Amino acid sequence: MVLNEKRTTVAYRCPACGGGILSAVGLFNLSADMVKLKCTCGKSELKIFYNRDGTVRLSVPCLICAQPHTFTVKSSLFFSDELFVLPCPYSDINVCFTGEMNRVKAELARTELELLDMLEEHGITDFSALHGDEKDLGDPQILDIVLFVIDDLDAEGKIYCRCHPDPALPTEADSQADYGEWDLDQSRYEAEITDEGIKLTCRVCGASRMIPADSMLSAHAFLNADSLHLE
């Protein structure tokens, strides 16, 4: 008896050269070890892990952020034929694609056109510029854009942390713990400018997240954020 192995197609776009990296991934080899998708330029790789609880964890390079993003998804969703995309948490740019091969190829091509238009709009010709090879965190315009979005999300109650979890997401029981009273006239979140970007931290529970602010492109991408989750 021959069992049909669960397989899917996984793709991402290299932040260094802009190339699309695509490969088939099967449950058998994923269960045995970590799977890596490497770009031919040698400057990025996507890592896939199969967890004991049956979920799949991915470490995905990002076109906007200097560090990769980690996602955990159900294996039934990961191995579905339907197109599934994972976006950068700070923008609406999709950084990972899974599903049936032709659907993944089509989405990879569609998002490439969107990305090229975005680069042209900001006068960027080299993908390496996306990660701020010529960093200028002192640019007041970039900082103003990021801080404006943070203030706007804070005012709308769209910044989530351990003491203010997102009601739309499943949470552990202890994540609803009472972290004490807070002066509603003062923001519970503190923004700190660092060499890597703007670090936003909850003064109550200590959860934080680094927001990239090394280019005008990353700042404008952050404008599209409709929520912010601190960890």
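Bear in mind that the values here come from a model prediction, so they are computed numbers and not experimental data.

Rules of the game
- Residues numbered from 1 in each chain as written.
- Predicted model: local features only at pLDDT ≥ 70, side-chain atom pairs only at ≥ 80, totals over all residues.
- Heavy atoms only, no water.
- Helix = DSSP H or I, 4+ residues; strand = E, 2+ residues; numbered from the N terminus.
- Contact = heavy atoms within 4.5 Å.
- Areas by Shrake-Rupley, 256 points an atom, 1.4 Å probe, with all protein chains shown as cover.
- Polar contact = N/O pair within 3.5 Å; in protein donor to acceptor, adjacent residues only side chain to side chain.
- Core = buried A, V, L, I, M, F, W, Y, C linked by side-chain atoms within 4.5 Å.
- Buried < 20%, exposed > 50% of the residue type's maximum accessible area, 1.4 Å probe, protein only.
- Pairing = 2+ DSSP bridges.
- Salt bridge = Lys/Arg side-chain N within 4 Å of Asp/Glu carboxyl O.
- Axes fitted to C-alpha atoms, helices over the stretch in contact; angles between N-to-C directions.

*Asks:* Help me understand the overall build of the protein in this model?
*Replies:* Within the protein, the regular secondary structure consists of five helices and 13 strands. Taking all contacts inside the protein whose residues are at least 6 apart in sequence as the whole, residues at least 24 apart take part in 50%. On the protein, roughly 12900 Å² of surface is accessible, and the fraction owed to carbon and sulfur atoms is 49%.

*Asks:* What is the right way to read the environment of Arg 110 from this model?
*Replies:* Among the secondary structure elements, Arg 110 is positioned in helix 3 (residues 101-121). At 2.6 Å, the side chain of Arg 110 forms a polar contact with the side chain of Glu 107.

*Asks:* Looking at this structure, how should I read the nonpolar core?
*Replies:* Note that soluble globular proteins tend to have their nonpolar side chains buried in a common cluster. Residues Ile 48, Leu 58 and Phe 222 are the most contacted members of the largest nonpolar core, which totals 54 residues. Once residues lying within four places of it in the same chain are set aside, the contact partners of Phe 222 are Tyr 90, Val 146, Val 149, Ile 150, Leu 153, Ile 211 and Leu 228.

*Asks:* Before we go on, may I ask you to explain the side chain of Thr 55 in this structure?
*Replies:* With respect to the element layout, Thr 55 can be found in strand 5 (residues 55-60). Looking at Thr 55, its side chain comes within polar contact range of the side chain of Asp 53, at 2.6 Å.

*Asks:* Explain the pairing of strand 11 (residues 198-202) to me, please; I cannot follow it from the model alone.
*Replies:* A regular strand carries its side chains on alternate faces of the sheet. Of all the five residues making up strand 11, four are buried; the element is thus mostly covered by neighbouring parts of the structure. Bridging between strand 10 (residues 189-193) and strand 11 involves five bridges; their strand directions are antiparallel. Considered in strand 11, the bridge of Ile 193 is made with Ile 198. Where strand 10 hands over to strand 11, the hairpin turn is made up of four residues, of which Gly 197 adopts a positive phi near 150°.

*Asks:* Looking at this structure, how should I read the pattern of salt bridges?
*Replies:* Side chains that differ in sign of charge can pair as their charged atoms come close. Going through the model one piece at a time under the given rule, you end up with five salt bridges. Salt-bridge contacts for Glu 107 lead to Arg 110; the nearest nitrogen and oxygen are separated by 2.6 Å. With Glu 107 and Arg 110 both in helix 3 and three residues apart, this pair spans about one turn of that helix. The partner of Arg 209 in a salt bridge is Glu 231, with the nearest N and O atoms 2.9 Å apart. Here Glu 231 lies in the segment after strand 13 (228-229) and Arg 209 lies in strand 12 (residues 208-211), a separation of 22 residues in the sequence. Judged by its relative accessible area of 15%, Arg 209 is buried.

*Asks:* Explain the sheet that holds strand 1 (residues 7-13) here, please?
*Replies:* The strand order 2-1-8-7 describes an open sheet built from four strands, whose pairing is antiparallel. Strand pairing shows two members of the sheet lacking a second neighbour, strand 2 (20-26) and strand 7 (84-87), which therefore form its edges. For this sheet the average axis-to-axis angle between neighbouring strands, irrespective of direction, equals 20°. Pairing of strand 1 with strand 2 involves seven bridges; the strand directions are antiparallel. Its bridge partner being in strand 2, Thr 8 is matched across the sheet by Val 25. Along the sheet face, helix 3 touches strand 1, strand 2, strand 7 and strand 8 (94-99) and points at about 10° away from the line of strand 1.

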